[in-house]
Amino acid sequence: MDFALTPIQEEIRAGVSQIMRGFPDSYWLEHDESGEFPVEFTTAMAEGGWLGIAMPEQYGGSGLGVADAAILMHTVAKSGGAMSAASAIHINIFGPNPIVVFGNEEQRQRWLPPLIRGETRTCFGVTEPTAGLDTSSIQTRAVRDGDQYIVNGQKIWTSTAQEADKILLLARTTPREQCERPFDGISLFFTNLDREFVQIREIQKMGRHAVDSNEVFFDNMPVPVEDRIGEEGKGFQYLLHGLNPERVLVASEAIGIGEEALSRAASYARDRVVFGRPIGQNQGIQHPLAESWAELQAAWLMTMRAAWLYDQDLPCGPEANGAKYLAAEAGKRACERAMITHGGLGYAKELHIERLYREVLINWIAPVSPHLILSNIAEKALGLPKSY
Amino acid sequence: MNIIVCVKQIPDPETPAASFKVDEAAKKVIPAQGIAPVVNPYDPQATEAALRLKDADGGGKITVISLGPDTARDAIKHALAMGADEGVLISDPAFASIDNFQTAAALAAAIEKVGDADLILMGRAAADWDMGVVPAGVGQILGLPVVTVAKGIEKDGDGLTVTRVLDDGFQTVKAPLPAIVSVSNEFGEPRYPQLRQIMMAAKKTVQVWSAADLGIDTGASVMPLEALYQPKVESNVEIIEGDTPEEKARNLAQKLRAAKLV
């Protein structure tokens, strides 16, 4: 069993770290305060070829696996950029996976190279106000009209829609009641986010201010048939294909944020002297931080195992879910502990701990809640009756 | 312009002090557990200098040479990922504990074996031992001019114009080619490898040359290591008392004078 990074993975970590050094804490705090999208950062990542890390080489990508992509995203999140950095490029890394796997050659040629070059910005339209984790209940309809579909409906929590010119859109093409199974009759499209037929309203939120989250309203938006991925009605199955890699990436990002918070806490605890000794000499400070170290290490091993399974084409649902669960819990706890280690300063913006804490909560909540992860693991790994 | 860049893999200079251990009996640094060796931080600047000169010159080849164990291949791959063309690893158990002079001899032999070099670039020093003598050693053996601690290198007709960093300013010198130049951190930030280049570098073959391939015998160490130890640093803190800042300053000055420090 070899736990060492490959030479390419070492280079990924070194190369991305070098880019991230150009975007210090002050850059992310400024963008957190202004809410401006980190364009300079995404441009640097696109120019370095990093957006195409997991995309096939014939379309300009590098053809690497999810383990390599996880190391990339871990390095990005750990930089201090946290989710404001990670979410700005996250969708490019594995979002286009359904196009790669289920799109036709014409679509791959048309869509993938500009996505990899960072010229096309896309968002992911899945979640709806009445259908969060229960995706089969989506209400957005795409009705066939000749050689196009007409889309009406609403999406919510659509990240980067303010910047995006494309959307990977999940919409119902056959009403649920006419389908044999609830997940049938849903189709997946990759199409222009045409502002003439779309209204985008930004959601004000707790953290990750630099990367917008939105409500998106579709009003008779036409979508050409050639923008449908794969067969009509099978979109949900196509979407499922990309969920496990997404879990792995979100896990790696949570671990990166947690490790960064922990490192800052340990540094502070070494230097801060109270009652004549560094606070880090007190076991009351040491033990929680040490516990977080162990939790983050364990979560990382689980994440790498899930990534390895996926890259070997082996089933990895419970492992990917378990990695996301452990990583989010460990990342969140590390940020909490970093905050209490810093005391009042942890609450001050200038030390960035409060920002890391606000950002890691995204990984805890999204893209799937810890509750549903545990329900899924109970069913799939332990053979217990399905509870949802 | 054909350029050879010498790079070295070293223990990570960012290794926490608590993890840095020395085996005094064996006179060796014990590699820190779980901390991978890195490219000497000055060396990517030498590679960057080579890439800029090649770009400006519009042609030529950059060959990267490293002397070290098999893991030093990673230092070569990094330079290849930055854009260098070929890599050579000098690796032989006979080189395990050689001194700077033997290192210079091995590098000089490799430079001659690569052949046809217009310029040899190195980092100003390796950040492990921080001696910075190998460029001069190689220059001595090959009979080439050596310019050290460069912050700027420009092709100038048939030669080079090099700006050197001095303690109290800068010095601009001209050198004929071929020459050896050691590059300092003042040269500027080296480019970061793009992912495509990392992938291409991964596919490139690095030649491995042994002492026999170079036709050299390392011989006895010119500068044998007598002792290797971590110095014990003791410090005492004394708070200078006084009712006013002026009095505290006066008391401090008296203490310093009594200790013969001022």
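Because the structure is a prediction, the values reported are computed rather than measured. Here the residue numbers are simple positions, counted from 1 along each chain's written sequence. Naming scheme: in the order in which they are written, chains are lettered from A and ligands are numbered from 1. Only residues with pLDDT of at least 70 get local features here, since the model is predicted, and only at 80 or more are side-chain atom pairs given and counted; chain-wide, interface and lining totals rely on the full set of residues. Note that the side-chain values use all heavy atoms of the structure and ignore hydrogens as well as water.

Draft legend 1. Spotlight on the packing of aromatic side chains. Residues and elements named next belong to chain A. Any two of the Phe, Tyr and Trp rings considered here, Trp counted by its six-membered ring, make a pair once their centres fall within 6.5 Å; the pair's planes then place it as stacked at under 30 degrees, edge-to-face at over 60, or tilted in between. Counted by the stated rule, this structure contains 10 aromatic pairs over all chains. Ring centres 5.0 Å apart and planes at 70° place the aromatic pair Tyr149 and Phe189 in the edge-to-face group. Taken together, the positions of Tyr149 in strand β3 (residues 148-159) and Phe189 in strand β5 (residues 186-192) put the pair 40 residues apart, joining distant regions of the chain. Three labels apply to residues, based on accessible area from a 1.4 Å probe with only protein chains included: buried if under 20% of the type maximum, exposed if over 50%, partly exposed otherwise in between. On the basis of relative accessible area, Tyr149 is assigned to the buried category, the value being 0%. Take Phe189: its relative accessible area is 0%, and that puts it in the buried class. The helix and strand labels rest on DSSP assignments: H or I over at least four residues marks a helix, E over at least two residues marks a strand, and numbering proceeds from the N terminus.

Draft legend 2. Expanded view of the packing of helix α2 (residues 73-82) of chain B against helix α5 (residues 195-203) of chain B. All names here are of chain B. With their axes 8 Å apart at the nearest point, α2 and α5 run at an angle of 130° to one another. Classified by the angle their axes make, α2 and α5 are oblique. Read as a crossing pair, α2 and α5 show a hand that is right-handed. Taken together, the residues of α5 that come into contact with α2 (itself represented by Lys77, Leu80, Ala81 and Met82) are Gln197, Ile198, Ala201, Ala202 and Lys203. Taken together, the residues of the contact of α2 with α5 break down into six nonpolar, one polar and two charged. Axis angles are defined between N-to-C directions and span 0 to 180 degrees, where every axis is a line fitted to C-alpha atoms and, for a helix, only to the segment in contact. Angles are sorted into four bins: roughly parallel if under 35 degrees, roughly antiparallel if over 145, roughly perpendicular if 65 to 115, and oblique for all others. Crossings are classed by handedness, with left-handed meaning an anticlockwise turn of the near helix from the far one by less than a right angle and right-handed meaning a clockwise turn. Contact criterion: two residues are considered in contact whenever any of their non-hydrogen atoms come within 4.5 Å of each other. Under the scheme applied, nonpolar residues are Ala, Val, Leu, Ile, Met, Phe, Trp, Tyr, Cys and Pro; charged residues are Asp, Glu, Lys and Arg; polar residues are all the others, including Gly.

Draft legend 3. Fine view of the interface of chain B and chain A. Taken residue by residue, the interface counts 16 residues in chain B and 18 residues in chain A. Here chain B and chain A share an interface that buries about 1400 Å² over both sides, 58% of which is from carbon and sulfur atoms. Here the quantity called buried area is the accessible surface, traced with a 1.4 Å probe, that two parts lose on coming together, added over both. Considering only the surface of chain B that becomes buried against chain A, Tyr192, Leu195 and Met199 of chain B emerge as the three largest contributors, covering 43% of it. Definition used for salt bridges: Asp or Glu carboxyl oxygen within 4 Å of a side-chain nitrogen of Lys or Arg. Linking Lys203 of chain B and Glu57 of chain A is a salt bridge whose minimum nitrogen-to-oxygen distance equals 3.3 Å. Pairs of N or O atoms within 3.5 Å make up the polar contacts considered here, provided that, within protein, one atom can donate a hydrogen while the other can accept it, and that residues adjacent in sequence are counted only when both atoms are side-chain atoms. Counting across the chain B and chain A interface gives five residue pairs in polar contact (both at pLDDT 80 or more). Secondary structure elements with two or more residues in the side of chain B that touches chain A: α2 and α5 of chain B. Among the elements that line the side of chain B that touches chain A, the one with the most residues is α5 of chain B, at six residues. Of the residues that constitute the side of chain B that touches chain A, the class distribution is eight nonpolar, two polar and six charged.

Draft legend 4. Spatial organisation of a nonpolar patch on the surface. Within the patch definition used here, like charges are joined within 9 Å and nonpolar side chains (Val, Leu, Ile, Met, Phe, Trp, Tyr) within 5 Å, considering only residues with over 30% relative accessible area and no salt bridge. With residues, only the protein chains shown are counted as cover, and all accessible areas are computed by Shrake-Rupley using a 1.4 Å probe. Together, Phe20, Val29, Phe101, Trp129, Met131, Val133, Val222, Met223 and Leu225 of chain B line one region of the surface with nonpolar side chains, adding up to about 780 Å² of accessible area. Here Phe20 of chain B shows up in the loop between β2 (9-10) and β3 (21-23).

Draft legend 5. View of α5 of chain B. When we look at burial in α5 of chain B, the residues that qualify are Leu195, Ile198, Met199 and Ala201 of chain B. Buried residues of α5 of chain B fall within an arc of 160° about the axis and therefore sit on the same side. Facing away from the buried side of α5 of chain B, by more than 90 degrees, are the exposed residues Met200 and Lys203 of chain B. Each element contacted by the buried residues of α5 of chain B is listed here: α1 (7-21) of chain A together with α2 of chain B. Directions pointing from the helix axis toward each C-beta atom define the arc.

Draft legend 6. Structural view of the nonpolar core. Counting 107 residues, the largest nonpolar core has Ile12, Phe41, Met45, Leu72 and Val76 of chain A together with Leu121 and Ile153 of chain B as the members making the most contacts within it. Ignoring sequence-local partners within four residues, the contact set of Phe41 of chain A consists of Met20, Phe23, Tyr27, Trp28, Val76, Ala85, Ala88 and Ile89 of chain A. Definition used in this section: a nonpolar core is a set of buried Ala, Val, Leu, Ile, Met, Phe, Trp, Tyr and Cys residues joined via side-chain atoms within 4.5 Å. In this structure, Cys6, Ile90, Ala106 and Ala211 of chain B belong to the second largest nonpolar core, which totals 26 residues.

Draft legend 7. Examining the pattern of salt bridges more closely. Applying the stated rule across the entire model yields 29 salt bridges over all chains. Shared partners join several salt bridges into a network, and the residues in it are Glu291, Glu295, Arg333 and Arg337 of chain A.

Draft legend 8. Region of interest: the domain arrangement of chain A. Residues and elements named next belong to chain A. As assigned here, chain A comprises domain 1 (7-117), domain 2 (122-234) and domain 3 (237-380). Across the contact, 31 residues belong to domain 1 and 29 residues belong to domain 3. Of all residues in domain 1, the largest losses of buried area upon contact with domain 3 belong to Val66, Met83 and Phe102, amounting jointly to 22% of the total for that side. Our enumeration of links across domain 1 and domain 3 arrives at 12 residue pairs in polar contact (both at pLDDT 80 or more). Looking at the side of domain 1 that touches domain 3, the elements with two or more residues in it are α2 (25-34), α4 (66-94) and α5 (97-102). The dominant element in the side of domain 1 that touches domain 3, judged by the number of residues it contributes, is α4, at 19 residues. Residue composition of the side of domain 1 that touches domain 3, by class: 17 nonpolar, nine polar and five charged. These domain limits were set by an automatic method or by a database of domain assignments.

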